[in-house]
Amino acid sequence: MADELKLDTNYTFFGDPKRQFPRVQDDNNIDVVEFLAASELMPRFFVHMGKNFMFVKSDVQQNVHKIKAAHEAYPECKTLKEILDVEYAKGVHKKDSSCSMALMWFRRGLLFMYLLLRQLVVYYREHERIPERSKDAANLSYRHSLRDHHNLVVRGLVTVAIKFLPTPTEMVLNLAFRDDTKIPKVIDETEATLDLLKPCLNAILRYYKDHEDYASDVKSENYEQCDAWQKQE
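Computed from a prediction, not measured in an experiment: that's the story for all the values here.

Attention now moves to the pattern of salt bridges. Tallied over the entire structure, the rule returns 13 salt bridges. One salt bridge connects Asp-227 with Lys-198, and the closest N-O pair in it is separated by 3.0 Å. On the criterion of sequence distance, the pair formed by Asp-227 in the segment after α9 (183-209) and Lys-198 in helix α9 is long-range, its members being 29 residues apart. With relative accessibility at 28%, the residue Asp-227 sits in the partly exposed group. Residues participating in the shared-partner salt-bridge network are Arg-19, Glu-40 and Lys-68.

Written out as structure tokens, the structure is:
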């Protein structure tokens, strides 16, 4: 899994072209092999957010594992949508072990990461420097991604974890593999990843919105969530 990955330090964390999120196809499909290649990085990203986020990293890693296991179980499926359709037809789509449930939760984790990093990139573009604090950005990101789906205990854990986040500079240095000369490259390659990720997030949500069985699961989720970083509440 993610901790066993050997990352190519010629790039920054998000820069390896072999681990980019795929472009969404015209029929709203997402190539599952390419999606998994990018997704395997995500648990490692939460390691960079500090030890208090390790429980999130564990959840993300489990979701990636379930998606990968489904792909191995249905190798004839070339896209995420095909896997979800197979599980729906078999009536296993609501099981905790299913790709359908794992992908739903994984999308929420990806949305948190997307909103957090989008705020960092926009700030850097506007001010030509890294922001000094990450708490406000993290709180906004959590509020518009995972908070509504967590119970009070988990919300409390996340609130504490956010209080002890590394500084944005420290996080960016981690994404640069501790090479401060690569900070502009981190911003460029992170922004490119976010531009690919946003259509994937919306395509996945569209699948769930189009199926009545998931109506209650995604009732509070919408396509405007990816733009919540602009609200600066």
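Now that the structure has been shown, the text picks up again.
Quick look at the environment of Val-218 now. Secondary-structure assignment places Val-218 in the segment after α9. Leave out the neighbours within four places in its chain, and Val-218 touches Met-104, Leu-205, Tyr-208 and Lys-209.

Let's shift gears to the packing of aromatic side chains. Pairs of aromatic rings are described using the distance from one ring centre to the other and the angle between the two planes. The full count for this structure, using the stated rule, is eleven aromatic pairs. Arranged with centres 5.8 Å apart and planes meeting at 80°, the rings of Tyr-207 and Tyr-208 form a pair that is edge-to-face. No difference in accessibility class separates Tyr-207 from Tyr-208, as the two residues are buried. Pairwise contacts between aromatic rings join Phe-13, Phe-14, Phe-45, Phe-46, Phe-53 and Phe-112 into one cluster. The lysine or arginine in question, Arg-108, covers the ring of Trp-105, its NZ or CZ lying 4.7 Å from the ring centre.

Enumeration over the complete set of coordinates arrives at two cavities of 30 Å³ or more. Every residue lining the largest cavity is listed: Asn-28, Asn-29, Ile-30, Leu-80, Lys-81, Leu-84, Leu-103, Ala-203, Ile-204 and Tyr-207. Of all elements in the fold, only α4 (80-90) and α9 reach the threshold of two or more residues within the lining of the largest cavity. Grouping the amino acids of the lining of the largest cavity by side-chain chemistry returns seven nonpolar, two polar and one charged. As a volume, the second largest cavity reaches approximately 40 Å³. Looking at the second largest cavity, the residues that line it are Phe-46, Phe-53, Val-56, Phe-112, Tyr-142, Leu-146, His-150 and Val-158. Here the lining of the second largest cavity is composed, by residue class, of seven nonpolar, one polar and no charged.

This part takes up the packing of α4 against helix α5 (residues 99-127). For any two helices packed against each other, one specifies the crossing angle of their axes together with the interaxial distance. Interhelical geometry of α4 versus α5 gives an angle of 135° and a closest axis separation of 9 Å. Classed by the angle they form, the pair α4 and α5 counts as oblique. In contact with Leu-80, Ile-83, Leu-84 and Glu-87 of α4, α5 contributes Cys-99, Ser-100 and Leu-103. Partitioning the contact of α4 with α5 into residue classes produces five nonpolar, one polar and one charged.

How each quantity is defined
Residues numbered from 1 in each chain as written. Predicted model: local features only at pLDDT ≥ 70, side-chain atom pairs only at ≥ 80, totals over all residues. Heavy atoms only, no water. Salt bridge = Lys/Arg side-chain N within 4 Å of Asp/Glu carboxyl O. Helix = DSSP H or I, 4+ residues; strand = E, 2+ residues; numbered from the N terminus. Buried < 20%, exposed > 50% of the residue type's maximum accessible area, 1.4 Å probe, protein only. Contact = heavy atoms within 4.5 Å. Phe/Tyr/Trp six-rings, centres within 6.5 Å; stacked < 30°, edge-to-face > 60°. Lys NZ or Arg CZ within 6 Å of the ring centre and 35° of its normal. 1 Å grid on protein atoms, 1.4 Å probe; cavity = no way out; pocket = protein on both sides within 12 Å on 5 of 7 lines; lining within 4 Å. Points joined across faces, edges and corners; volume = space filled by probe spheres on them. Nonpolar A, V, L, I, M, F, W, Y, C, P; charged D, E, K, R; others polar. Axes fitted to C-alpha atoms, helices over the stretch in contact; angles between N-to-C directions. Parallel < 35°, antiparallel > 145°, perpendicular 65-115°, else oblique.

That's the geometry; what it means functionally is another story.
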